[in-house]
Amino acid sequence: MTIARSPERGKAAAVAPWQEFHRRHVLDLDDFSSEEIEQVLTTAGAMSEVLGRRIRKVPTLRGRTIVTLFLEPSTRTRASFEQAGKVLSADVINLSGSESSVKKGESLVDTAKTLEALGADVLVMRHPMSGAPNLVARATGLRVVNAGDGWHAHPTQALLDLFTIRQRLGRVDRLTVLIVGDILHSRVARSNIWGLTKLGARVVLCGPPTLMPSQALAAFAAAGQRLSIEPDLEHAIPQADVIMTLRLQKERMDSGFLPSMREYAALYQINDQRLARAKPAALVMHPGPMNAGVEISHEVAHGPRSLVETQVTNGVAVRMAILYLLAATGEDA
Ligand code: NCD
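On a predicted model such as this, the values are computed, not experimentally measured, just so you know. (Residues numbered from 1 in each chain as written. Predicted model: local features only at pLDDT ≥ 70, side-chain atom pairs only at ≥ 80, totals over all residues. Heavy atoms only, no water.)

## Comments concerning the domain arrangement of the protein
For the protein, the assigned domains read domain 1 (4-150 + 321-327) and domain 2 (155-302). The gap between the C-alpha centroids of domain 1 and domain 2 is 25 Å. Counting the surface lost from both domain 1 and domain 2, the interface buries some 1900 Å², and carbon and sulfur atoms represent 59% of this. Sorting the residues of domain 1 by area buried against domain 2 places Leu29, Leu41 and Arg76 first, and these three jointly supply 29% of that buried surface. Linking domain 1 to domain 2 there are two salt bridges. (Domains from an automatic or database assignment. Buried area = accessible area lost by both parts, 1.4 Å probe. Salt bridge = Lys/Arg side-chain N within 4 Å of Asp/Glu carboxyl O.)

## A closer look at the sheet that holds strand S7 (residues 227-229)
In any sheet, the strands associate via hydrogen bonds between backbone groups, in a parallel or an antiparallel arrangement. Within the open sheet, the five strands sit side by side as S7-S6-S5-S8-S9. Their pairing is parallel. For this open sheet the edge positions go to S7 and strand S9 (283-285), each flanked by a neighbour on one side alone. Each strand axis lies, on average, 20° off the axis of its neighbour in the sheet, ignoring direction. Of the pairings in the sheet, the one linking strand S5 (residues 176-180) to strand S8 (residues 242-245) comprises four bridges and is parallel in character. When the bridges of S8 are listed, Val180 appears paired with Thr245. (Pairing = 2+ DSSP bridges. Helix = DSSP H or I, 4+ residues; strand = E, 2+ residues; numbered from the N terminus. Axes fitted to C-alpha atoms, helices over the stretch in contact; angles between N-to-C directions.)

## Some remarks on the site of the ligand
Lining the immediate surroundings of the ligand are Arg76, Thr77, Arg126, His154, Gln157, Arg187, Val188, Arg247, Gln249, Pro287, Gly288 and Pro289. Contacts to the ligand include Arg126, whose side-chain N or O atom sits 3.1 Å from an oxygen atom. Considered on its own, the ligand offers 310 Å² of accessible surface; in the complex 94% of this is hidden by protein. For the shell around the ligand, the secondary structure elements donating two or more residues are helix H2 (76-87) and helix H6 (187-198). In terms of residue class, the shell around the ligand is made up of three nonpolar, five polar and four charged. (Near = heavy atom within 4 Å. Polar contact = N/O pair within 3.5 Å; in protein donor to acceptor, adjacent residues only side chain to side chain. Areas by Shrake-Rupley, 256 points an atom, 1.4 Å probe, with all protein chains shown as cover. Nonpolar A, V, L, I, M, F, W, Y, C, P; charged D, E, K, R; others polar.)

## Points about the confidence of the model for the protein
Taken over all residues, the pLDDT of the protein has a mean of 91, while the share at 70 or more is 92%. Confidence drops under pLDDT 50 across residues 1-14; counting only partners more than four residues distant or on other chains, this segment forms 26 contacts. (pLDDT = per-residue confidence, 0-100. Contact = heavy atoms within 4.5 Å.)

## Considering the side chain of Ser297
Structurally, Ser297 is set in the loop between S9 and helix H11 (298-301). For Ser297, the contacting residues outside a window of four places in its chain are Gln269, Ile270, Asn271 and Asp272.

## Observations regarding the sheet that holds strand S4 (residues 143-149)
On the basis of which strands lie adjacent, the open sheet formed by four strands has the order S2-S1-S3-S4 and parallel pairing. Each edge of the open sheet carries a strand with a single partner, namely strand S2 (91-96) and S4. Each strand of the sheet is rotated relative to its neighbour by a mean of 15°, with strand direction disregarded. Bridge count between strand S1 (residues 65-70) and strand S3 (residues 122-127): five bridges; the pairing is parallel. Each bridged residue has a counterpart across the sheet, and for Leu69 the counterpart in S3 is Met125.

## A word on the nonpolar core
In this structure, Val124, Ile179, Leu196, Met320 and Leu323 are the most contacted members of the largest nonpolar core, which totals 64 residues. Counting residues per element, this core draws most heavily on helix H12 (residues 308-329), which supplies 11 residues. Counting contributing residues per domain, this core is built from domain 1 (4-150 + 321-327) and domain 2 (155-302), each supplying no fewer than three. Apart from residues no more than four positions distant in its own chain, Val124 is found in contact with Ile66, Val67, Thr68, Leu69, Phe70, Phe81, Val145, Ala147 and Leu323. Listed in part, the 25 residues of the second largest apolar core include Leu178, Val204, Met253 and Tyr268. (Core = buried A, V, L, I, M, F, W, Y, C linked by side-chain atoms within 4.5 Å. Buried < 20%, exposed > 50% of the residue type's maximum accessible area, 1.4 Å probe, protein only.)

Below, the structure written as structure tokens:
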């Protein structure tokens, strides 16, 4: 492999990054083993070393074509997939809803088949409907990466969050991660619950009862994941090693979930007063985009405990790892 001079420096890699990856798609983390998650994180460690070089370019995916198809808004996810593909020397084609024939009424599967016929190897897609990437994965020969589907899943965000936690705290195992906010509409929360618990963390959820998906949580509990709900943020904060706060997904809310933004902020905003009750080493994460002043205060968002920018930076390394594992080593590559 042309990427790694060393795997994660200073750490014995449990899984060699160049080991074969036994999957064609990344749709969610529910069916990942902890070893597969480790393989992605170890590979991302090698990729972040590439990103630290003076010349950030390796020929690993030369001759491969990656298409990003985003049918919902995105800044960081889309830009980081594009950057990841380019650093690996792949050809990257970016399509959005307004530019693609989906807008003209072509079905999603037909659009994906067209992209396949044009020679795409990997399709990175974001879609407002839960399950859309699974449909494309079944109906075409493309390798599909889910970059966020409806309320369902956002596996690469969860992987970059795991990578960031491990980079900063040295492990994920036995940490307590508090996820605060609009859990109901959050694909980030769902994928993170799978990823964090598979790596041994305890996940505590806190948010307004109207934004807490009780049936879905029962499914996680039935799968044996270490997950609990703490309705009172003041009780939840002192337990946490990491506090992950989520954007209120206003675009997915019909009216009636919350009395007002002001009331939400009063009860659930992560701010300096609340952080004063956290463990001294506790860190704050947010997947972005932030509604600063609502779920997180400006001071905390840009303060010393915030990992928000580190998450964005690590997003490139983790997406390089995913593209590399699927396009260069994946099953039948
Ligand atoms: C998240 C998403 O799109 O699900 N953003 C992201 O990918 N960084 C979270 C959000 O939109 O709130």
